[in-house]
Amino acid sequence: MSLAIAKLNPTVSLMAISIDTVHKIREWSRDPYYAEYFRRYAPEFTWGDDAAVAHMHSASFFVRVNDEIVGMVGFANYDQHNKQIEYGILMEKDCPNKVKVIFESGDLVKDYVFNYLNLEKIFIRVLTHRKEIKRILILNGFKLDGLLRSNVYWNGKMHDEWLFTQLKGEWL
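Keep in mind that what you see is a predicted model, and the values were worked out from it rather than measured.

## Things to note about the confidence of the model for the chain
Per-chain confidence: the chain averages 79 in pLDDT, with 78% of residues scoring 70 or above. The least confident element of the chain is strand β1 (residues 5-7), whose mean pLDDT is 42; the most confident is strand β8 (residues 157-167), at 95. When the criterion is pLDDT under 50, residues 1-10 qualifies, and its contacts beyond four places in sequence or with other chains add up to 27 contacts.

Dropping the structure here:
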C-alpha cells in the first residue's frame, strides 16, 4: 500500500513528504508557534539539507485538505516485536475545521498502522495542559492509559503528559 495519496474522502488525504515538499516543514520550523515542537521532535529540520530531511521523515505524511497542506502526522518509537508505534500530529494553528481534519486524518493513520503495518497498538503522548486534544482523542477512540509525571522538558520546565492508546481490536 502506498501512502503517496491515501484518501478517506474527497477532502482529507495523506501525502508522503518528499524533496519537493520539505519547504513547508522548513516554514513551520521557523515559526515561533511551532519552534518548540521542532526542537523537541525534529531538530534536524534546523540543520539537515532538504534531501536528508525528506529521507529521515519517510515515516511522516502531510495532511491535506483539498490541495492545501494543513498539518503533518508522523510515527516514532516503532516497536515491531511488541507490535506498537507512537503517533504524533501537528496541525496549522489556523486550520479550518481542525477537529474534523484531526478525526479523518487519524482514521487514515489507524488504517495504515493496523492494516498495512499490521500492528496491535498505537499510542500518543499529550501535554496535560492540552485539554482540547484529550477530548478529541477520547472521541476518536483512544483510551487514557495514564499520566507520565514530569515526562518532558518543554519551554524551560518539566511537564506531565497523558498517555493514550488504541488497540487494533478497538478500532476494527
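## Brief notes about the nonpolar core
Core analysis: the biggest nonpolar cluster contains 28 residues, and Val109, Val113 and Ile122 have the highest contact counts within it. Where this core is concerned, the elements lending two or more residues are β2 (12-16), β3 (60-65), β4 (68-79), β5 (84-91), α4 (98-116), β6 (121-127), α5 (131-139) and β8. With 7 residues, the top contributor of residues to this core is α4. Filtering out sequence-adjacent residues up to four positions away, Val113 remains in contact with Phe75, Ile85, Asn118, Leu119 and Ile122.

## Some words on the packing of aromatic side chains
Geometry of an aromatic ring pair is reported as the spacing of the ring centres plus the angle between the planes. What the rule picks out here adds up to 7 aromatic pairs. Residues Tyr87 and Phe142 carry aromatic rings whose centres are separated by 6.5 Å and whose planes lie at 15° to one another, so their mutual orientation is stacked. Of this pair, Tyr87 sits in strand β5 while Phe142 is found in the loop between α5 and β7 (143-154), placing the two residues 55 residues apart along the sequence. Judged by relative accessible area, Phe142 falls into the buried class, the value being 2%. Relative to Tyr116, the ring of Tyr112 lies with its centre 5.2 Å away and its plane at 20°, an arrangement referred to as stacked.

Criteria and cut-off values
- Residues numbered from 1 in each chain as written.
- Predicted model: local features only at pLDDT ≥ 70, side-chain atom pairs only at ≥ 80, totals over all residues.
- Heavy atoms only, no water.
- pLDDT = per-residue confidence, 0-100.
- Helix = DSSP H or I, 4+ residues; strand = E, 2+ residues; numbered from the N terminus.
- Contact = heavy atoms within 4.5 Å.
- Core = buried A, V, L, I, M, F, W, Y, C linked by side-chain atoms within 4.5 Å.
- Buried < 20%, exposed > 50% of the residue type's maximum accessible area, 1.4 Å probe, protein only.
- Phe/Tyr/Trp six-rings, centres within 6.5 Å; stacked < 30°, edge-to-face > 60°.

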